[in-house]
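# Structure assessment
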Amino acid sequence: MRVFERLVVHSLFRRIDLILQSSIFTLFSFLIAISKLLKTLRVPAGSKCSTMKPKKLGIIGGSLFAFGVLFCAVAFPPILRSQLKKQVALKDGSEMRGLWSNFPLPLDFMIYLFNVTNPTEIMAGGKPILQEIGPFFYDEYKEKVDLVDREEDDSVEYSLKATWYFNPSRSNGLTGEEEIVFPHVLILSMVKIALVEQPAAIGIISKGVDSIFKKPGTVFVKAKAREILFDGLPVDCTVKDFAGSAICNVLKTKDDALVPDGEGRYLFSLFGPKNGSILPQRIRVLRGMKNYRDLGRVTEFDGKPALTIWTEDHCNAFNGTDSTIFPPLLTEQDDIVSFSTDICRSLGARFVQKTKVKGVNTYHYKADLGDMSTNPMEKCFCPTPDTCLSKNLMDLMKCVGAPLTASLPHLLGSDEKYRQLVDGLHPNEEEHAICMDFEPMTATPISAHKRLQFNMFLHPVEKFKLMKTFPECLFPLFWVEEGILLDDQFVKKLKTVFMAIGVIGFLKWLTIVTGTCVSGAAVGMFFKNRGKGSLDVTKVQPQLQNGKDAEQKKWPTQMNISTIQSAAVPPNLDAN
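Summarised in this report is the structure supplied together with it. (Residues numbered from 1 in each chain as written. Predicted model: local features only at pLDDT ≥ 70, side-chain atom pairs only at ≥ 80, totals over all residues. Heavy atoms only, no water.)

A few words on the side chain of Thr444. Turning to its location among the elements, Thr444 is positioned in strand β18 (residues 444–458). Judged by its relative accessible area of 1%, Thr444 falls in the buried class. Polar side-chain contacts of Thr444 include one of 2.7 Å to the side chain of Thr442. (Helix = DSSP H or I, 4+ residues; strand = E, 2+ residues; numbered from the N terminus. Buried < 20%, exposed > 50% of the residue type's maximum accessible area, 1.4 Å probe, protein only. Polar contact = N/O pair within 3.5 Å; in protein donor to acceptor, adjacent residues only side chain to side chain.)

Following this line, the structure appears as structure tokens:
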């Protein structure tokens, strides 16, 4: 399962922090400069000049308004989006590239096994009664190795290596030593494949099973959980008989299913062969340097530009990313689409609603396996043109080479008839649905749960004595959940980023509103003081006190003398 890797873009957050810090610093510096200017434009209290000129006040108001509109509202959002697009690109040598290729934190990987409580009754045709045991919790580390860049199409190719480490502290008291009754998947797979490809070989398969597995009395095995999952069940290929040797010759070519355990001996388990191994199929994805919307989009798998296992081109096409990274700046109209190598097809998660996880605003998405029986676009996933499975079921034979059928856990959303054929299934949306919560700006998964159950269609097989009276049912084997819940330290960083963005938004409206008010006040002062700018002039006629004075000093016949004293000059004139 390679879905929703914990890619927490620490470097992206840091770059956004720097942008926001710089922007906020610029805003505060601007406001401080305005404050200082206001102080310099005012005179001490009690002086003759105690108010600011309307012109200068208008300049300050206009500057605040322009800064709020041009920088905060117009310039800042594109700058932020531009930096997001640049920082998410998988450029060789960048910190983002390093996190994407080898993230140091593990993914949560949980396995649930279905313990068979009535194996004897099932062998006689009884209804299977199952008991879920789990989770067996593992820390899953994903590493992309042997990276090769191709500049001409802005892509990078890699191989995937997955390593699992058992985490008993998160396994709810389970240790892996628990004994579980479980269908022997290898025996059932050999019988199922023979029935499809060579029905006449069932007799040889029966004899080979007796030889290799020492004449088992049932197709169920009682083993420890760790043996079923990783350590392995014994497969003895030292046998010399024809049937046993023939089967072993085929099994030896399946190096992805068996682990060598000495000369002619092997171990079979569900996950052991893949643990710590580099998968042979290489994946090529776009780096997003030319177009951020192409970030992580799959262009090749196993050296091919498309699959060849399905009957229609659109089912063989690679749609979406490799599921470990997604383009930023999500909208409600965008689906989260990724190509899953585990089921050889692309799945799209649809936007459901806005949510909040750990205090972060998110978009909630859900996905399922579709319905090839009713959806014409999914008909090409049918096992044959005449045999299509119903909703939320998918045949994996063409994909993984084993007769497995994928579903949601506990057959959630599948046809009720399948759940009625077994006891012990209790599907519910909260625990068994495929869902995720993304922070839309950075496309960071705050919480994600990819869940998938593996089943096998079983029925009576007349020529195979261990299944001669077997019931017909869709038999649940196990289910896995690969998911994340973002650590508090990263959530805190994310909250800090959006708090800073909120400060920018607040300052935008603060500067716009303040600038508008100050500019309005300046206009009001201008019109109020405009009428006070003219002088009152009175014509004065001189009075003759006596004749002597008249002879000594001759006055002009008329003079214009201002009656306004200097102390009463309006401050706005005095300032000039």
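With that out of the way, let us pick up the nonpolar core. Counting 106 residues, the largest nonpolar core has Ile111, Leu113, Val219, Val235, Phe464 and Phe478 as the members making the most contacts within it. If we ignore the near neighbours within four places in the chain, the residues touching Ile111 are Ile133, Gly134, Pro135, Phe136, Tyr138, Leu229, Phe230, Phe271, Phe478, Trp479 and Val480. Counting 17 residues, the second largest nonpolar core, distinct from the first, contains Leu412, Ala433, Ile434 and Phe438. (Core = buried A, V, L, I, M, F, W, Y, C linked by side-chain atoms within 4.5 Å. Contact = heavy atoms within 4.5 Å.)

Right, let's talk about the environment of Pro476 for a bit. Mapped onto the secondary structure, Pro476 falls in strand β19 (residues 473–485). Taking the C-alpha atoms as reference, Pro476 lies 8.9 Å from Pro409; in sequence the two are 67 residues apart. Setting aside residues no more than four positions away along its own chain, Pro476 makes contact with Phe114, Leu130, Val422, Leu425, Gln453, Phe454 and Asn455.

All right, on to the pattern of salt bridges then. Overall, the coordinates contain 30 salt bridges when judged by the stated rule. Glu151 is the salt-bridge partner of Arg287, the closest N and O atoms lying 2.9 Å from each other. One end of the pair, Arg287, is in the loop between β10 (283–286) and β11 (298–301); the other, Glu151, is in the loop between β2 (130–150) and β3 (155–166), with 136 residues separating them in the sequence. When the shortest N-O distance is used, the salt bridge between Arg226 and Asp231 registers 2.6 Å. Residue classification places Arg226 among the partly exposed residues on the basis of a relative accessible area of 27%. The exposure class assigned to Asp231 is partly exposed, which follows from its relative accessible area of 39%. Shared partners join several salt bridges into a network, and the residues in it are Arg150, Glu152, Asp153, Glu157, Arg282, Arg284 and Glu300. (Salt bridge = Lys/Arg side-chain N within 4 Å of Asp/Glu carboxyl O.)

Trans is the common state for peptide bonds, and a negative phi is the common state for residues other than glycine. The omega torsion across Gly134 and Pro135 is 10°, close enough to zero to call that bond cis. Relative to the helices and strands, Pro135 resides in strand β2. Positive phi values are uncommon outside glycine, yet Asp146 reaches one of about 55°. Within the element layout of this structure, Asp146 appears in strand β2. In this structure, Leu329 takes a positive phi of about 60° despite not being glycine. Relative to the helices and strands, Leu329 resides in the loop between α9 (313–316) and β12 (336–340). The class for Leu329 is buried, based on a relative accessible area of 17%.

Next up on the list: the sheet that holds strand β8 (residues 265–268). The strand order across the open sheet formed by three strands is β6-β8-β7, and the pairing between neighbours is antiparallel. The strands lining the two open edges of the sheet, one partner per strand, are β6 (233–236) and β7 (258–260). Strand-to-strand twist in this sheet, taken as the mean axis angle between neighbours without regard to direction, amounts to 35°. Relative to β8, β7 runs antiparallel, the two sharing three bridges. Bridging across to β8, Pro260 finds its partner in Tyr266. (Pairing = 2+ DSSP bridges. Axes fitted to C-alpha atoms, helices over the stretch in contact; angles between N-to-C directions.)

Further remarks concern helix α8 (residues 242–251). Those residues of α8 that fall on the buried side of the exposure criterion are Ala243, Gly244, Ile247, Cys248 and Leu251. One side of α8 carries all its buried residues, which in axial view fall inside an arc of 125°. Against the buried residues of α8 lie α5 (185–197), α6 (202–212), β6 and β7. Capping of α8 at its N-terminal end is provided by Asp241; its side-chain oxygen lies 3.5 Å from the backbone amide nitrogen of Ala243. (Arc of directions from axis to C-beta.)

Attention now moves to the state of the cysteines. Scanning the model with the defined rule gives four disulfides in all. Paired through a disulfide, Cys315 and Cys380 show a sulfur-sulfur distance of 1.6 Å. Residue Cys315 is found in helix α9, and its partner Cys380 is found in the loop between β14 (360–367) and β15 (393–395); the two are separated by 65 residues along the sequence. Here Cys315 matches Cys380 in class, with each residue buried. (Disulfide = S-S within 2.5 Å.)

Attention shifts here to the packing of aromatic side chains. This model, assessed by the stated rule, comprises 22 aromatic pairs. Look at Trp310 and Phe381: their rings are 5.1 Å apart centre to centre, the planes differ by 85°, and that puts the pair in the edge-to-face class. Of this pair, Trp310 sits in the loop between β11 and α9 while Phe381 is found in the loop between β14 and β15, placing the two residues 71 residues apart along the sequence. Residue classification places Trp310 among the buried positions, given a relative accessible area of 6%. Plain terms: the ring middles of Tyr418 and Phe457 are 5.8 Å apart, the flat faces sit at 70° to each other, and that makes the pair edge-to-face. Here Tyr418 is found in helix α11 (residues 416–419), whereas its partner Phe457 is found in strand β18, with 39 residues between them in sequence. The exposure class of Tyr418 is buried, given its relative accessible area of 12%. The aromatic ring of Trp100 is capped on one face by Lys144, whose charged end is 4.7 Å from the ring centroid. Here the guanidinium or amino end of Arg345 rests over the ring plane of Phe381, the centre of that ring lying 4.3 Å away. (Phe/Tyr/Trp six-rings, centres within 6.5 Å; stacked < 30°, edge-to-face > 60°. Lys NZ or Arg CZ within 6 Å of the ring centre and 35° of its normal.)

The next thing to look at is α6. Counting buried positions along α6 yields eight of eleven residues, so the element is predominantly enclosed. The inward-facing, buried residues of α6 contact α5, β6 and α8.

Bringing the pairing of strand β4 (residues 179–183) into the picture now. Most of β4 is tucked away, with four of its five residues classed as buried. Of the pairings in the sheet, the one linking β4 to strand β5 (residues 220–224) comprises five bridges and is antiparallel in character. Among the inter-strand pairings, Val181 is bridged to a residue of β5, identified as Lys222.

Moving on to the packing of α5 against α6. Across the interface, α5 lies against α6 with an axial gap of 9 Å and an inter-helix angle of 165°. As the angle between them shows, α5 and α6 are arranged roughly antiparallel. Between α5 and α6 lies a crossing whose hand is right-handed. Where α5 approaches α6, its residues Ile187, Met190, Val191, Ala194 and Leu195 are matched on the opposing element by Ile202, Ile205 and Val209. A per-class count over the contact of α5 with α6 returns eight nonpolar, no polar and no charged. (Parallel < 35°, antiparallel > 145°, perpendicular 65-115°, else oblique. Left-handed = near helix turned anticlockwise from the far one by under 90°. Nonpolar A, V, L, I, M, F, W, Y, C, P; charged D, E, K, R; others polar.)

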